[in-house]
Amino acid sequence: YSPPPYAAGRAHAFVHLSQGVVLTMELYLLRHGLSLANTAKLVTGSKRDPLCAEGRKQAVEASRLLHHFGLDGDEVVRFVSDWERARETAALAAPALHFTTDARLGETGAGIVAEMPLEEFNQTNPAFWTAFSPDRAYPGGESHAQLFARVLAWQKELESTLPPEARVLAVT
């Protein structure tokens, strides 16, 4: 089995030890399957939006990815976003495995426009993307800089609480 190159992300967090040895924490990211919000082409949808039928198939197929990368063993630490589509993806991809829910892994909180069609949002907020600023927040929501800060806080917590050679899977 050869997974498609876009199917999973892998990042390394390097921890330098005093003896000059570098141990690598392996961090694997698995994005949720296609959701009803995705098919409706909403800005982001809400935390409640489930997977659509195709997304459920994608999540089941992801179990092969998890096995291919050895992420179905007991030594892997697993996290999942509190968004329904991510939790559903984790449950379908690895029904027998435990995932710790962490809200910091959730999508950008798009506030009052979350369930607005993306095309409508782009028409009513043309400068949002054309003059992109990571500090610009969605109306009533958060900015991409705030998203980055909360995910970085999660990652820093991993580095301070897990062994340097830990293998981590996050379903977002």
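Please refer to the structure placed before this passage.
So, here is what we can say about the structure in this document. Residue indices begin from 1 for each chain and proceed along its sequence in written order. For this predicted model, a pLDDT threshold of at least 70 governs which residues receive local features, and a threshold of 80 or more governs which side-chain atom pairs are given and counted, while totals over whole chains, interfaces and linings are taken from all residues. For the side-chain quantities, the full set of heavy atoms in the structure was used; hydrogens and water were omitted.

## Description of the overall build of the protein
Here a helix means four or more residues in a row that DSSP labels H or I, a strand means two or more in a row labelled E, and each is numbered from the N terminus. Counting its secondary structure elements, the protein contains 6 helices and 5 strands. Counting helices and strands in the order they occur from the N terminus, the protein gives β-β-α-α-β-α-β-α-α-α-β. Residue burial in the protein is summarised as follows: out of 172 residues, 38% are buried. In what follows, residue pairs with any heavy atoms lying within 4.5 Å of each other are defined as contacts. A separation of at least 24 residues holds for 65% of the contacts in the protein among residues at least 6 apart in sequence. Burial status follows relative accessibility: with a 1.4 Å probe on protein chains alone, a residue under 20% of its type maximum counts as buried, one over 50% as exposed, and anything between as partly exposed.

## Side note on helix H2 (residues 53-68)
For H2, built from 16 residues, the straight-helix expectation of 22 Å at 1.5 Å per residue is met to within 8% by its first-to-last C-alpha distance of 24 Å. Turning to H2, its buried residues number three or more, namely Gly55, Ala59, Ala62, Leu65 and Leu66. Gly70 occupies a position one or two residues after H2 and carries a positive phi of about 70°. A helix is expected to reach a length of 1.5 Å times the quantity of its residues less one.

## Quick notes on the pairing of strand S5 (residues 167-171)
In terms of residue burial, S5 counts as a mostly covered element, since 5 of its 5 residues are buried. Here S5 shows a buried face lined by Arg167, Leu169 and Val171 and a second buried face lined by Val168 and Ala170. Sheet topology note: the strand S3 (residues 76-80)/S5 ladder contains 5 bridges and is parallel. Pairing of Val77 across the sheet is with Val168, part of S5. Two strands qualify as a pair provided DSSP detects at least 2 bridges between them.

## Notes on the side chain of Thr108
By the secondary structure assignment, Thr108 is in the loop between strand S4 (100-101) and helix H4 (118-124). The class of Thr108 is buried, set by a relative accessible area of 9%. Those residues in contact with Thr108 that lie beyond four places of it in its chain are Thr44, Trp83, Tyr138, Glu142, Ser143, His144, Leu147 and Arg150.

## Things to note about the packing of aromatic side chains
Stacked, edge-to-face and tilted are the three classes for Phe, Tyr and Trp ring pairs, Trp counted by its six-membered ring, which pair at centre distances within 6.5 Å; planes under 30 degrees apart are stacked, over 60 edge-to-face, the rest tilted. What the rule picks out here adds up to 7 aromatic pairs. With centroids separated by 5.5 Å and ring planes inclined at 85°, the aromatic side chains of Phe79 and Trp154 adopt a geometry described as edge-to-face. Of the two residues, Phe79 sits in strand S3 while Trp154 sits in helix H6 (residues 144-161), which places them 75 residues apart along the sequence. For the pair shown, Phe79 and Trp154 are each scored as buried. Between Phe121 and Phe128 the ring centres are 5.2 Å apart and the planes differ by 75°, which places this aromatic pair in the edge-to-face class. What links up through ring pairs into an aromatic cluster is the set Phe121, Phe128, Trp129, Phe132 and Tyr138.

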